[in-house]
Amino acid sequence: MKENIEKRVVGLFFLMLVVLAGVAWLAVNTIQQFHDTSAWVNQTHQVILGANTAASLLHAGDASMNAYLLSGDRRDQENYRKTYGKMLDELFPAVDTTRSDQYHQDFLNLTNLIGQHIKYSRTVVQAREQGGEAAARRLALTFPEGSSTDDIDRLVSQINAHEESLLKERDHEAWEQARRTSLVIRTGVVVNFALLLFASVLIRDDLKARRIAATAMAEANAQLEAKVQERTAELVKSNQALKKENLERRWSYQALDHQFRYNQLIVNAISEMVFVVSKALNISRVNPSVTHVTQWEAQDLVSQSMDRVLQLPAEGPANPIISALNEGRELQEHPAVVITKSGATIPVRFNLVPLRDDNKVVGGVVTVRPWLGAPKPPG
C-alpha cells in the first residue's frame, strides 16, 4: 500500500512537471513568435518608410532639377544630384529587405522606374546644357510613359497597400496565437492545481498510515526490548568466550611468526647458496649467499625462473629438477653452472629437497655450493 501511494505521488508530480514543461515550451515558443513577428513588423515599416522616403526624395530631386533647368544655377544642379543619391541610399536597403517577400518584384519594378526616370532626367539636363532652356523644355514634355513621377507614385502606393495587407494578416495571426496560448496556459494551470490537490490527498492518507504504523512499531519495540535484554546477557557470555579464543589464536600466530623468523635466520646463516623454488622453477626466496656470489639482488631474482642463475648440463629432453619435483624425490651432488650478474660462470654442485604440504609437493629447496674439483680455465 505504501509503495503504491509513493508511486502515485511520484507519477502525479511527474505529470505536473510534464504539464509545466509543455506550458513553458509553449510560452517560450509564443514569445519567440512574437519576437519574430515584431521583427517582421519593424521590417515592413522600414520597407514602407523606405518606399515613401524614396518617393519624397524623388519629388525633391525633380524640383531641384526643374529649378536648375530654369535658372542654370550650379547649386541647384548639385542639390538635385545629392537628393537623387540619398533617394537611392533609401531605396536599395528596402529592396534587400524584401528579398524574401512575395512583393519583392514590386520593388524591382520601382527600382527600374526610378532608374529610367533618373536616366531621362540626365538626358534633359544634357539638353539644357547643350541647347538651352527651350531644348530642355521640349524634351521634358516628351517624358517617356512608365517612368514619370505619377507612375512611380502609383507603384509606391501599391507597395504600401501590399505591405499594409501583410501587416493586417500578421496582426490577425498574432492575435490568434495569443488567444490559443492563453487558453493552453490557463488549462495547464487548472490541471496542475487539480493534480496538486489529488497529490495532497494521497500524501495526507500516507501520513495517517505512517502514524498508525509508528504506533504499532512502538508497541513492538516495547515487546522486543525484553528479548533484547535476554539476548544481551547471552552475547556477553559469548563475547567472553570469543575473547578467550582470540587470545589463544593470537598466541598461536605469535608462535608461528617466531618459528618463521627462526627458519629465516637458519636459512640466512647457511654459507651455501639457497634457492626456494616453485614446481615451475620460479624463485620465491634466496639467502644472502646468493647475492654475495652472483651479485644479483634478491628483488632481481624473486619471481624469476631458476634458469636465470642456474644452468644444468644437457642430459636429456626433461629438466632433472622438474622431474624430481614431479616424482617427489631428492637430488644429490648434481653438476650445474651458476651465472653471475656480470655474465661469469661458476661450476657448482647442487642438492634438491622437495617441499610438501599435506603429502603434496608444492616446491623445493635447492642448495648450491662451488665445485672445488672443477678444472680451472686456462689463463
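Structure first, text after, so check above.
Residues numbered from 1 in each chain as written. Predicted model: local features only at pLDDT ≥ 70, side-chain atom pairs only at ≥ 80, totals over all residues. Heavy atoms only, no water.

Trainee: Lay out the overall build of the protein chain in plain terms, naming residues and giving numbers.
Mentor: The secondary structure content of the protein chain amounts to seven helices and six strands. Secondary structure of the protein chain in N-to-C order comes out as α-α-α-α-β-β-α-α-β-α-β-β-β. Burial statistics for the protein chain: of 379 residues in total, 30% are counted as buried. Total accessible area computed for the protein chain in this model is approximately 24800 Å², and 57% of it derives from carbon and sulfur atoms. (Helix = DSSP H or I, 4+ residues; strand = E, 2+ residues; numbered from the N terminus. Buried < 20%, exposed > 50% of the residue type's maximum accessible area, 1.4 Å probe, protein only. Areas by Shrake-Rupley, 256 points an atom, 1.4 Å probe, with all protein chains shown as cover.)

Trainee: Talk me through the environment of L69; I want residue IDs and the actual numbers.
Mentor: Mapped onto the elements of the fold, L69 is located in helix α1 (residues 2-71). Relative accessible area serves as the criterion here: at 8%, L69 is assigned to the buried category. Separated by 63 residues in sequence, L69 and G132 have C-alpha atoms that sit 8.5 Å apart.

Trainee: Run through unusual backbone geometry, naming residues and quoting values.
Mentor: Non-glycine residue S303 carries a positive phi angle of around 75°. Assignment of secondary structure puts S303 in the loop between α6 (298-301) and β3 (310-311). Since its relative accessible area comes to 56%, S303 is described here as exposed. One non-glycine residue, D358, lies in positive phi territory at about 55°. Mapped onto the elements, D358 comes out in the loop between β5 (345-356) and β6 (361-370). A relative accessible area of 73% places D358 in the exposed class.

Trainee: Before we move on, could you go through the layout of surface pockets and cite the residues and values that matter?
Mentor: There is about 180 Å³ of room inside the second largest pocket. Around the second largest pocket, the lining residues are Y80, R81, Y84, G85, L88, I118, R122, V125 and Q126. For the lining of the second largest pocket, the elements supplying multiple residues, two or more each, are α2 (74-97) and α3 (104-141). It is α2 that contributes the most residues to the lining of the second largest pocket, five residues altogether. (1 Å grid on protein atoms, 1.4 Å probe; cavity = no way out; pocket = protein on both sides within 12 Å on 5 of 7 lines; lining within 4 Å. Points joined across faces, edges and corners; volume = space filled by probe spheres on them.)

Trainee: Would you mind going over the packing of aromatic side chains in detail, with residue names and values included?
Mentor: Considering all chains together, one arrives at zero aromatic pairs under this definition. Positioned above the aromatic ring of W371 is the side chain of R349, whose terminal nitrogen or guanidinium carbon lies 4.1 Å from the ring centre. (Phe/Tyr/Trp six-rings, centres within 6.5 Å; stacked < 30°, edge-to-face > 60°. Lys NZ or Arg CZ within 6 Å of the ring centre and 35° of its normal.)

Trainee: Run through the sheet that holds strand β4 (residues 331-339), naming residues and quoting values.
Mentor: With antiparallel pairing, the six strands of this open sheet are ordered in space as β2-β1-β6-β5-β4-β3. Since the sheet does not close on itself, it has two edges, and those belong to β2 (283-286) and β3, each with one partner. One ladder, built from nine bridges, connects β5 with β6; its direction is antiparallel. Following the sheet pairing, R356 is matched in β6 by V361. Against the sheet, helix α7 (residues 320-327) engages β1 (273-278), β3, β4, β5 and β6, with an angle of about 15° to β5. (Pairing = 2+ DSSP bridges. Contact = heavy atoms within 4.5 Å. Axes fitted to C-alpha atoms, helices over the stretch in contact; angles between N-to-C directions.)

Trainee: Quick rundown of a nonpolar patch on the surface? Include the residues and the values.
Mentor: There is a patch of nonpolar side chains on the surface, built from F13, V189, F193, L196, I203 and L207 and spanning about 530 Å² of accessible area. Sort the elements by how many residues they give to the nonpolar patch and helix α4 (residues 149-269) lands first, with five residues. Of note, V189 is situated in helix α4. Looking at V189, the relative accessible area reads 38%, which means it is partly exposed. (Patch = residues over 30% accessible without salt bridge, like charges linked within 9 Å, V, L, I, M, F, W, Y side chains within 5 Å. Salt bridge = Lys/Arg side-chain N within 4 Å of Asp/Glu carboxyl O.)

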